[in-house]
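# Survey of secondary and tertiary structure
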Amino acid sequence: MNAEQIGNFTPAQFTLWDEFQVSAIQPSALAKLTTEHILTLSKTEIVYLKVAQLRAFSVEQLKAFTDEQVLVLTYQQVTEMGDAYVHFLTEKRISLLSKGQVIDIPTAYFPKMTVAQVQALIKYHGFSILRREQISAMTVEHIKSLTPEQIRGLVRDDNGPRINVLTLEHIKALSLEQVQALSNEQLADLTKEQVRVLNTDQLRVLVKNGEDGLSEKQIGMLTDEQKIALLLADNVMKEDQSLLSRWQFLMPIESVELRYLKLWPLNIIGIMRSGMHDLLYRLTATQLAVMTPEQIGEINPSVTQINVLSRRQVAGLDKHWLFYINFYKDYPLLSVEKLSWATEENFRSLDVRAICHFTPEQVPVLKIWAFSDEQLKQFANRTFGESCAPDDQVNYLTVNQLAKLSNAQWYVFDFLWLTDAQRRAFIEQTNIVYTWSYYWSDYLTAKGFSDLDITNYTGSYYLFDKLTAKDFSYLDITKVSDEKFKQLSDAYIQALSTQQIQALTTKRIKFMSPKYFNLMSASQIQALTPEQVAQLDVSGVSDEVIKAFTPTQAKALTTGQLSTFWQAQADALSEDDVAVLSKAQIDALHKAHLLLKMPSAIAYAKKETETAKYIKEFFDAAEWEREQARKEREKYCSEHQEMSTYDCMRAGGFIY
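Presented here is an overview of the structure given in this document. Computed from a predicted structure; not experimentally measured.

For any two aromatic rings, the description comes down to two numbers: the centre-to-centre distance and the angle of the planes. Tallied over the full model, the rule gives four aromatic pairs. Both rings, one in Tyr331 and one in Phe358, keep their centres 5.4 Å apart while their planes meet at 75 degrees; by these two values the pair is edge-to-face. Of this pair, Tyr331 sits in the loop between α30 (321-324) and α31 (336-340) while Phe358 sits in the loop between α32 (344-348) and α33 (373-379), and the two are 27 residues apart along the sequence. One exposure class covers both Tyr331 and Phe358, and it is buried.

On the surface, a cluster of nonpolar side chains totalling about 290 Å² of accessible area is made up of Phe20, Val47 and Tyr48. Secondary-structure assignment places Tyr48 in helix α5 (residues 43-48). Taking the relative accessible area as the measure of exposure, Tyr48 reaches 40% and is therefore partly exposed.

So, about the packing of helix α53 (residues 583-591) against helix α55 (residues 610-639). Following both chains from N to C, one finds α53 and α55 inclined at 25 degrees, their axes separated by 11 Å at the closest point. Considered as vectors, α53 and α55 are oriented roughly parallel to each other. Of the two possible hands of crossing, α53 and α55 adopt the one that is right-handed. In this structure, α53 uses Lys583, Ile586, Asp587 and His590 to contact α55, whose residues at the interface are Thr611, Tyr614, Ile615 and Phe618.

Right, let's talk about the environment of Thr398 for a bit. By secondary structure assignment, the location of Thr398 is in the loop between α34 (390-394) and α35 (399-403). Take Thr398: its relative accessible area is 28%, and that puts it in the partly exposed class. As for Thr398 and Phe426, which are separated by 28 residues in sequence, their C-alpha atoms are 8.4 Å apart.

So, about unusual backbone geometry. Its identity is not glycine, yet His593 carries a phi of approximately 60 degrees, on the positive side. One can find His593 in the loop between α53 and α54 (599-604).

Bringing α55 into the picture now. Note that an α-helix has 3.6 residues per turn; residues three or four places apart therefore point the same way. The terminal C-alpha atoms of α55 lie 44 Å apart, and with 30 residues this matches the ideal 44 Å at 1.5 Å per residue to within 8%. Within the span of α55, buried status applies to Thr611, Ala612, Tyr614, Ile615, Phe618, Phe619, Ala622 and Cys637.

It is worth spelling out the side chain of Ser23 at this point. If you trace the backbone, Ser23 turns up in helix α3 (residues 19-23). Dropping the residues within four chain positions of it, Ser23 is found in contact with Tyr48, Lys50 and Gln53.

Our focus in this paragraph is the pattern of salt bridges. Tallied over the entire structure, the rule returns seven salt bridges. Residue Asp201 pairs with Arg204 through a salt bridge whose shortest N-O separation is 3.9 Å. Residue Asp201 and its partner Arg204 are located together in helix α20 (residues 200-206), separated by three residues, close to a single helical turn. By relative accessible area, which is 36% here, Arg204 ends up partly exposed. For Lys338, the salt bridge identified is with Glu337, shortest N-O distance 2.8 Å. Since its relative accessible area comes to 4%, Lys338 is described here as buried.

As a further point, take the nonpolar core. Core analysis: the largest hydrophobic core is formed by 51 residues, its most contacted members being Phe517, Phe565 and Ile615. Those elements giving two or more residues to this core turn out to be α42 (490-495), α45 (514-519), α48 (543-548), α49 (551-556), α53, α54 and α55. It is α55 that contributes the most residues to this core, five residues altogether. In this structure Ile615 touches Val578, Ile586, Leu595, Ala601, Tyr604 and Ala605, once residues within four positions along its chain are discounted. Of all hydrophobic cores here, the second largest spans 42 residues; its members include Phe57, Tyr85, Phe88 and Leu146.

About the cut-offs
Residues numbered from 1 in each chain as written. Predicted model: local features only at pLDDT ≥ 70, side-chain atom pairs only at ≥ 80, totals over all residues. Heavy atoms only, no water. Phe/Tyr/Trp six-rings, centres within 6.5 Å; stacked < 30°, edge-to-face > 60°. Helix = DSSP H or I, 4+ residues; strand = E, 2+ residues; numbered from the N terminus. Buried < 20%, exposed > 50% of the residue type's maximum accessible area, 1.4 Å probe, protein only. Patch = residues over 30% accessible without salt bridge, like charges linked within 9 Å, V, L, I, M, F, W, Y side chains within 5 Å. Areas by Shrake-Rupley, 256 points an atom, 1.4 Å probe, with all protein chains shown as cover. Salt bridge = Lys/Arg side-chain N within 4 Å of Asp/Glu carboxyl O. Axes fitted to C-alpha atoms, helices over the stretch in contact; angles between N-to-C directions. Parallel < 35°, antiparallel > 145°, perpendicular 65-115°, else oblique. Left-handed = near helix turned anticlockwise from the far one by under 90°. Contact = heavy atoms within 4.5 Å. Expected span 1.5 Å × (residues − 1). Core = buried A, V, L, I, M, F, W, Y, C linked by side-chain atoms within 4.5 Å.

In structure tokens form, the structure reads like this:
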């Protein structure tokens, strides 16, 4: 039958074929078989399939085979079908394969397998059961995907591959136990690239005495950095003369003089105990770079060596390391960066006689706020008579440095040692104002005056002597004591700003003499809050003060205040002021015999507001009283015509 005829059989009909009929189908005719056809193949029929038939199946057809169908394939079928077999390998099928089937997977298949397929083989059956030639056939991607567990199987198993198949990342990841377990045969396979990624801990295990560990040739492959790290590591060398030959391979060229240590442990403590301290001063930047802060802390490095240390290493230096720099001439050689890393404790240990030797470039990083009084005095050239030029050093201090000085330190250092530019910059950029010296006032800005704390400070009397009226207008008025406030000059009162006036407490308003308010301008008076107006002693203020009141301020006047008004004060109230007065305030003015003579009240009574009508009632009542008095006078005088008009009015009590 040809391919078309075979393809026309239904799956149900196909199941009636036996294994001999299936095995007789020409390979070229298999292309017509569908997934349904393939699923009907029995295990017996699959075993009878020829290799040529298996190779003829397409990828889609191979993927259609079930797990049970794949698992009955014979070793001969698997071996001879070639690359096509890889399409059968799914994670589930791999988990079902027998150990023999896994071992017999042809090496040629591995390059075709995906990383996931190789991982599945390892996951379900263990790496060490794979043959060396199979591992060797893996791609770089396969090798990179190996886990530490798989690596452990690889390096331990006698049947496993050699260590040189591992990537550099795998080599770096080997634990000390794994390194310890490596045989000489495996170590011999390490390549130069692999040797050069070994870390210090791994090397300490591999640099052994006798015939174990790395060979002399491999030790020669180490980088200078690895050699130096070993040189400075603890307990690498023991007191054993036989190690000297191997030690020659570890010795970096630039440290060759250290070979004379011989039996001493290769660590800093050992060198220090050996009495060969001068060797430490020959350590290069490369050697110092691999030293730990603890190792650095065991030595007193020179300025040149300190300049190449990392910040972490500088932190490991003795807290007195600035003091231990032997020669004052070396201080200018210390880099600004390293000096800036010194702590406050480091600076406190500084020899005061060395301070003069810092350069203008170094001065801005000095933590002068950590200095003792003696150190500050030296910096300001107050004592000691050193030959340095402190004024030049002071000129390079920054605002940030000055801002961290305490008030007590300023007494030692003194603001006057600064330049005008430094003083102005300091005042402008900080909120700190030291009131102990009135010389500061020459440099205070508006902000500086507002921050000035003069509360209960007797020195502020001298400060006031230097303040202009404009300067005073910037002060925080709440910090001026009551005693001092009572003594303020007329100029200062007239300079009070709106903010200062509104900051006056009602208590202070209450005891303030009326003369203060009589000195103020209309705008200053109008700055008073209603609460302040209500506490004002109006008995002595001028009518100009009352005239400056806004309606809001007039409304705040109490009846008690209005009852003490004299006529000129009442007359100073405007129509707008009268318009906002309450009935109680109007009554108070009337009882004080002021209302009926007030021009503003007379004018306002003509309006149509409720307040105007209320005021008009007082005017009407007064008019009625006057009219009644007139009638009584006329009646009395008509009854006493014998008297003159004057005598009549006097006798009738109309003239007082």
